[in-house]
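So the chains spell out like this:
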Amino acid sequence: MVLATAPVPGISHGHLLVLLVQVGTLLALATGLGRLALRLGLPAVVGELLAGIVVGPSVLGGAAPAVSDWLLPRNAEQMHLLGAIAQLGVLLLVGITGAHIDLDLLRRKRGAITWVSLGSVLLPMALGIGLGFLLPGSMLGKAGDRTTFALFIGVAVAVSALPVIAKILIDMRLLHRNVGQVIIGAAAVSDILGWLMLSVVSAMATEGLRAGVVAESVGCLLLVLAVTAFLARPLIGRLLRPVARAENGRELGAATVLVLIVFAAAGTHVLKMEPILGAFLCGIVIGSLGAGARRFLDTLRPFVMAVLAPLFLATAGLQVDLTALKDLPVLGAALVTLLVAVGAKLVGGYAGARLGRLDHDEAVAIGAGLNARGVVEIVLASVGLGLGVLNTASYTVVVLVAVVTSVMAPPLLRRATGRIAQTAGEIERERDYATQLVA
């Protein structure tokens, strides 16, 4: 006799209704506020994040608690539905970002980029770790000990946001300049180091600080990097070649790279590292295969950038509780963290640039440009909150740093680069760049 398996119950009418209203509300607000931010000369990420803050406990929760409780019920199953959509969005966003890292640029400018990367990562990380040991104990998450919390703050202070920096440089027509190339290269290295460090800290948060855990994390990282460099690249290249020749190659290619990014994220997750790292490395591999492979990801880019990424940022904003800043210790911690983050990145980037034999004005511009943290720090903060390393107060502080530094970067960079004269080579690259835009 064959026993029939009971069907899995479908999503309830109430849960589906709340999910649809959540997605529609957050996406509409994120799109509108993102466009408003652009009109004000700010990165769209500021407005998109603000959408979640408006709907979350900071504004709607205080103004209309009954509406807030219905829209954002304290129900894990309900919020996990929204979180799953946001997670897919951030994986694709990080994958697309990785695909647009110019490895040839890193090789050409490796001397200056190495010094700038070291200075702009090591000094902020060291000061951030020290700050993490000094912040009030009330800011520690329920699952994080002091050491893990301090390391996480160090990583959060040290990172730069490649997507935001790239957008700023393009909008300001600085991507073709020598200083812009060094900034984007150093930001790429900073992103890579940030994801690697996040994987180690995440393992420590779940397994505890033990020599074996750290060694296992480092070993897994080396394994992932080796597989990425020597196995994944030729296999993915061999897979995408027949896809490109297929009759519906563009659509099939888009589906293929999406599957690759998701499975790469699953692979690092199996190894107890962040799924984001796998998506990022997969994106780098796809980008290294040339414009044809990147074109598949570019097919997904409009939907990711217009829908999934804003939805992720708005969802991240839901966790921000600005009312926590009414607590003087939390407000003090936010101001000190912001001061350390901005000052350390400026000084570290400037010192690295000078060691890389760049002049004073270029060094100032590099320190200013690398200060934008935007999407990357928001992703880190979301991971820290999910792991229990951060609580609502410390999450709010980290996200506040991400927003403020993204707002500060364009005017600081504009002021710094105004004193740098263009070379003949830069003028030629600008002409080529303008021709590409027209084409």
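*Asks:* Can you explain the overall build of the protein? Please cite residues and give values.
*Replies:* Broken down by element type, the protein carries 19 helices and 0 strands. Against the 2.2 N^0.38 benchmark of 22 Å for 439 residues, the protein shows a C-alpha radius of gyration of 22 Å, consistent with a compact globule. By the burial criterion, 49% of the 439 residues in the protein qualify as buried. Taking the intrachain contacts of the protein between residues at least 6 apart in sequence as the baseline, contacts between residues at least 24 apart amount to 79%. For the protein, the exposed area adds up to about 20000 Å²; of that, 68% sits on carbon and sulfur atoms.

*Asks:* Which residues make up the environment of G56, and what values do they have?
*Replies:* Within the secondary structure, G56 sits in the loop between α2 (44-55) and α3 (60-63). Remark: the alpha-carbon pair of G56 and G317, spanning 261 residues in sequence, is separated by 7.2 Å.

*Asks:* Outline the packing of helix α5 (residues 76-99) against helix α13 (residues 275-288), listing residues and values.
*Replies:* Their axes nearest at 6 Å, the elements α5 and α13 cross at an angle of 35°. Considering how the two elements wind past one another, α5 and α13 form a crossing that is right-handed. For the pair formed by α5 and α13, the contact residues are Q87, L91, V94, G95, G98 and A99 on the first element and P275, I276, A279, F280, G283, I284 and G287 on the second. In the contact of α5 with α13, the residues fall into 8 nonpolar, 5 polar and no charged.

*Asks:* Summarise the nonpolar core; cite the residues concerned and give the values.
*Replies:* Counting 118 residues, the largest nonpolar core has W195 and I366 as its most contacted members. At 14 residues, the largest contribution of residues to this core is made by helix α10 (residues 178-207). What W195 contacts, discounting residues up to four positions off in sequence, is V94, I276, L277, F280, V376, V379 and L380. L26, A51, L72 and L82 belong to the second-largest nonpolar core, a separate cluster that totals 11 residues.

*Asks:* Kindly report on the confidence of the model for the protein, identifying the contributing residues and their values.
*Replies:* Of all residues in the protein, 90% attain a pLDDT of 70 or more, and the chain-wide mean is 82. The least confident element of the protein is helix α19 (residues 424-438), whose mean pLDDT is 46; the most confident is helix α15 (residues 328-355), at 92. Every residue in residues 432-439 scores below 50 in pLDDT, and together they form 3 contacts with partners more than four places removed in sequence or on other chains.

*Asks:* Give a detailed account of the side chain of S58, specifying residues and quantitative values.
*Replies:* Looking at the secondary structure, you find S58 in the loop between α2 and α3. Within polar-contact distance, the side chain of S58 engages the backbone nitrogen of L322 at 2.7 Å. The residues contacting S58, other than those within four sequence positions of it, are I53, V320, D321, L322 and T323.

*Asks:* Describe in detail the environment of V121, supporting the description with residues and values.
*Replies:* Along the chain, V121 falls in helix α7 (residues 110-134). For the pair formed by V121 and F296, sequence separation is 175 residues and the distance between their alpha carbons is 32 Å. With residues up to four places along the chain from it excluded, the contact list for V121 reads A158, S190 and L193.

*Asks:* Could you give me a rundown of the state of the cysteines, with the residues and numbers involved?
*Replies:* The tally for this structure, following the rule as stated, stands at 0 disulfides. Sulfur of C220: no disulfide; nearest cysteine sulfur belongs to C282 and is 18 Å away. For C220, a relative accessible area of 12% corresponds to the buried category.

*Asks:* Please provide a residue-by-residue account of the side chain of Q22, values included.
*Replies:* Summarising the element assignment, Q22 is placed in helix α1 (residues 13-39). Aside from chain neighbours lying at most four places away, what touches Q22 is L71, L72, P73, Q78, M79 and L82.

*Asks:* Provide a residue-level description of the environment of E362, including the pertinent values.
*Replies:* Residue placement: E362 occurs in helix α16 (residues 360-369). In this structure the C-alpha to C-alpha distance between E362 and I420, which are 58 residues apart in sequence, comes to 7.1 Å.

*Asks:* Any details on a nonpolar patch on the surface? Residues and values, ideally.
*Replies:* Among the surface-exposed residues, L223, V227, L231, L235, V270 and L271 lie close enough to one another that they form a single nonpolar patch of about 520 Å² accessible area. Inspection of the secondary structure puts V270 in helix α12 (residues 249-270).

*Asks:* Quick one: what's the story with unusual backbone geometry, residue by residue and with numbers?
*Replies:* One non-glycine residue, R357, lies in positive phi territory at about 70°. Tracing the sequence through the fold places R357 in the loop between α15 and α16.

*Asks:* Give a description of the packing of α1 against α5 that names residues and reports values.
*Replies:* Remark: α1 packs on α5, axes separated minimally by 10 Å, with the N-to-C direction vectors making an angle of 45°. Here α5 runs oblique to α1, going by the angle between their axes. Between α1 and α5 lies a crossing whose hand is right-handed. When α1 is examined against α5, the residues G14, H15, V18, L19, Q22, V23 and L26 are found in contact with a partner set consisting of E77, Q78, M79, L81, L82 and I85.

*Asks:* Can you explain α16? Please cite residues and give values.
*Replies:* Judged by how many residues are buried, α16 sits mostly within the fold: 7 of 10 residues are covered. Taken together, the buried positions of α16 are occupied by E362, A363, A365, I366, G367, A368 and G369. Two or three places before D361, at the opening of α16, D359 has a side-chain oxygen 3.3 Å from that residue's backbone nitrogen.

Reading the values: rules and limits
- Residues numbered from 1 in each chain as written.
- Predicted model: local features only at pLDDT ≥ 70, side-chain atom pairs only at ≥ 80, totals over all residues.
- Heavy atoms only, no water.
- Helix = DSSP H or I, 4+ residues; strand = E, 2+ residues; numbered from the N terminus.
- Rg over C-alpha atoms; globule rule 2.2 N^0.38 Å.
- Buried < 20%, exposed > 50% of the residue type's maximum accessible area, 1.4 Å probe, protein only.
- Contact = heavy atoms within 4.5 Å.
- Areas by Shrake-Rupley, 256 points an atom, 1.4 Å probe, with all protein chains shown as cover.
- Axes fitted to C-alpha atoms, helices over the stretch in contact; angles between N-to-C directions.
- Left-handed = near helix turned anticlockwise from the far one by under 90°.
- Nonpolar A, V, L, I, M, F, W, Y, C, P; charged D, E, K, R; others polar.
- Core = buried A, V, L, I, M, F, W, Y, C linked by side-chain atoms within 4.5 Å.
- pLDDT = per-residue confidence, 0-100.
- Polar contact = N/O pair within 3.5 Å; in protein donor to acceptor, adjacent residues only side chain to side chain.
- Disulfide = S-S within 2.5 Å.
- Patch = residues over 30% accessible without salt bridge, like charges linked within 9 Å, V, L, I, M, F, W, Y side chains within 5 Å.
- Salt bridge = Lys/Arg side-chain N within 4 Å of Asp/Glu carboxyl O.
- Parallel < 35°, antiparallel > 145°, perpendicular 65-115°, else oblique.

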